[in-house]
Amino acid sequence: MAEAQYYVPHGTRWPIMGSIGLTALVGGFAALLNGASVASLVMVLGFVILVAMMFLWFGQVVRESESRIYNDQVDRSFRWGMGWFIFSEVCFFGAFFGALFYARVYSVPWLGGEGTGVATNLFLWPSFDSVWPTNGPAALGGAYQVMGAWGIPALNTIILLSSGGTVTWAHWGIIKDNRPQFVWGLLLTVVLGFLFVGLQAYEYYEAYAHLNLKLSTGIYGSTFFMLTGFHGAHVTIGAIMLTVVMLRGMRGHFDSKNHFAFEAAAWYWHFVDVVWLGLFIFVYWL
Amino acid sequence: MSAATTRDAHDDAHHDDHHHHGPEPGVMRWVYTTNHKDIGTLYLVFSFLMLLLGGLLALGIRTELWSPGLQFVEPDFFNQLTTMHALIMVFGAIMPATVGFANWMVPLMIGAPDMALPRLNNWSFWLLPFAFALLISTFFMEGGAPAAGWTLYAPLVLQGGANLPFAIFAIHLMGIASVMGAINIIVTILNMRAPGMTLLKMPLFIWTWLITAFLLVAAMPVFAGAVTMLLTDKFFGTSFFDAAGGGDPVLFQHIFWFFGHPEVYIMILPSFGIVSQVIPTFARKPLFGYESMVYATASIAFLSFIVWAHHMFTVGMPLAGELFFMYTTMLIAVPTGVKVFNWVATMWRGSMTFETPMLYAIAFVILFTLGGFSGLMLAIVPSDFQYHDTYFVVAHFHYVLVTGSLFGIFAGVYYWLPKWTGNMYDERLGKWHFWLSTIFVNILFFPQHFLGLAGMPRRVPDYAVQFADWNMVSSIGGFGFGLSQLLFAWIVLQCCRGGKQATAEVWDGSDGLEWTVPSPAPYHTFETPPAVR
């Protein structure tokens, strides 16, 4: 393709549609949190608009890509864009990991009487001994059991790491223009991904039903569910991305030269994989 | 006409139109546009409206503070005014204005046909009006707008009315918009430069925006995380910021300021860039120490991530923490000093003329430096124990944000307005705007140093009588400064409607790719990349 041509679309309708959808979604949710139950309708409507927008927008980009109007420079823009998007996601998780480390290294020991927080311990909670995990000196949420690392979480680690292998196997497939290997590799990856999410859901059920471990179980429950919850949401998104790529692969999209959509999804997949390792080590294990 | 250089296609019509498009007719042009100049204009107009709204809230504050006692507003509404003034000015006025500059000028200055991701660019802007509709709607809710300060400290912010989830989701939308915009700017700068424009040939404005965009991508998601924790603490029973559950209210301050300090550089770095373009033009000399400017900007960005706790010296931190954050904060004075030195050295023995952009740039250098000095005073822990939460802090950050960021933005508007509109603005009125703004802004903020040093706390609707005189002076300055901005609106409007035809170069000493295209800049520019030596 001619190197000088950078594709500049002329006008687009999807962003304004996305803004309307997203605003309805979050506005409805906010009203719902304030107790206006009808707002849940607005929220659902916003979600539907948002999903429809993504179908339309990505659909157009897919058609443009398949008609080969993007040159190498456009391809590089997408690569840089995806890379920086993943970086922003890393920073988002950083906030929650930061909260976890702060609680474990500072706030809980201080509540137990160490360092500068000694007065809080003396005057408010003299009987509190700092341990991790904890639901705090007021034992918020009541007695609970800790989620062990070597049951489902360890299994999930194996599942997610294996899915990192299968996605690479799929990559080798498309590089060799071996479409069956590409599609089978993706199918395996997606199955493993959704298996992970299913096991995670089962673990949540166990936590709530049998361990009395809840979102409201003090700082341990807060960090446990927020970190694993956001991670699970990202796994779900990544698995959906890979599913779309797989369906496109089955329709004959992509070849050994042109498959950035796959690579973007694979990068994202490795990113959720790495975040999981952090979770496994710092939330479940240590 | 080079029909084959840029390919356009309608969204709905899937064919390539091998001819040039002008803007679409009608108002939907602005809603559907993917053109960086249109989107830049949208950002700039939106930010000016927000500046007026935020300014109006500030005048509410200054009216109440005209004299001691409670005159016009309830204390809780006063707190809403200070909170919303800050949120609107930070996220609605200053940041979108600088993004507007990036949209207009980055492609023009690096010789690109448009931003790298034009559809995403549209969304980055069009989330903002929705976000601010959500935020401003809280004024009309039960319990009113957020009133815990723009820093949203837990647990106070969790004790407000119905506004909290709306404010939090508004912040989420702004954050998404900022991150998308920042990614777009980074990608454009890294991938769309004209052949031959190596990184160290980029204009300094491009460098400052590249680094600003990096700060945005790194810091905004952390803020999103922080407000998400507020939301779950309030509605879903988590205890991130509740000591009873093992959390800590101070944790919120740490996460907030980990975002918040890079945020203040997000607001100032683009203005550094603008001033670094303006001063060489009117001094008719190349920028002194270009490379050191680049490295200084990068150092400031790096340091901005390891100084955050200087906002919370009095919160009760271990001594080692106080010392670490004190020294890193003072270290920032080194790269900033390099910058100020270079600006002054650029002017040294230059053939200077003093058109309005240059006046604003010079005022920026002097007054921003003043704000930097008061920042140094605040960086010293034992002094900060005295200054903390007083009007001295208010004076400090208004010097760096108003006479810093905003004056830089004014300099940029006057500098590039002829390129945008094709007309020269009225120089005489521009100078009036400059002198009125500069005099009144100092009447407004300089006395606040005295008030703070004398012990007047910030965020209070009422104060002891010994603070009465300087508060009245400050309020007079506030009204004068606010009204002066109507003159600015008039000058810009008048320039859009007509005036002396501008040449392509516009200024005598102008240098750079943006001055090689006609004024006004055509709808599409650099469809074939220019050659850069």
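Residues numbered from 1 in each chain as written. Chains lettered and ligands numbered in written order. Predicted model: local features only at pLDDT ≥ 70, side-chain atom pairs only at ≥ 80, totals over all residues. Heavy atoms only, no water.

A. Quick peek at a nonpolar patch on the surface. Residues and elements named next belong to chain A. Taken together, F101, V105, Y106, W150, F282, W285 and L286 make up a surface patch of nonpolar side chains, about 760 Å² in accessible area. Broken down by secondary-structure element, the contributors of at least two residues to the nonpolar patch are α3 (72–111) and α8 (260–285). The element best represented in the nonpolar patch is α3, accounting for three residues. In this structure, F101 sits in helix α3. (Patch = residues over 30% accessible without salt bridge, like charges linked within 9 Å, V, L, I, M, F, W, Y side chains within 5 Å. Areas by Shrake-Rupley, 256 points an atom, 1.4 Å probe, with all protein chains shown as cover. Salt bridge = Lys/Arg side-chain N within 4 Å of Asp/Glu carboxyl O. Helix = DSSP H or I, 4+ residues; strand = E, 2+ residues; numbered from the N terminus.)

B. Main features of the pattern of salt bridges. Scanning the model with the defined rule gives eight salt bridges over all chains in all. Where E64 of chain A meets R119 of chain B, a salt bridge forms, and the shortest distance between an N and an O atom there is 2.5 Å. With E64 of chain A in helix α2 (residues 39–66) and R119 of chain B in helix α4 (residues 118–126), this residue pair bridges two chains. R119 of chain B matches E64 of chain A in its accessibility class, with the two residues each being buried. Here E263 of chain A ties to R79 of chain A by a salt bridge, and the two come within 3.1 Å at their closest N and O atoms. Note that E263 of chain A is positioned in helix α8 and R79 of chain A in helix α3, a separation of 184 residues in sequence. Exposure remark for E263 of chain A: the relative accessible area of 13% places this residue in the buried category. (Buried < 20%, exposed > 50% of the residue type's maximum accessible area, 1.4 Å probe, protein only.)

C. Representation of the interface of chain B and chain A in the model. Each partner contributes residues to the interface: chain B has 75 residues there, and chain A has 70 residues. Between chain B and chain A the total buried area reaches about 6,300 Å² when both faces are included, carbon and sulfur atoms providing 70% of it. At the boundary of chain B with chain A, the tally comes to one salt bridge. In this assembly, chain B and chain A are joined by 19 residue pairs in polar contact (both at pLDDT 80 or more). Of all elements in the fold, only β1 (6–9), α1 (28–32), α4, α5 (128–137), α6 (163–191), α7 (204–235) and α8 (249–283) of chain B reach the threshold of two or more residues within the side of chain B that touches chain A. Top contributing element to the side of chain B that touches chain A by residue count: α7 of chain B, with twelve residues. For the side of chain B that touches chain A, the residue count by class is 45 nonpolar, 19 polar and eleven charged. (Contact = heavy atoms within 4.5 Å. Buried area = accessible area lost by both parts, 1.4 Å probe. Polar contact = N/O pair within 3.5 Å; in protein donor to acceptor, adjacent residues only side chain to side chain. Nonpolar A, V, L, I, M, F, W, Y, C, P; charged D, E, K, R; others polar.)

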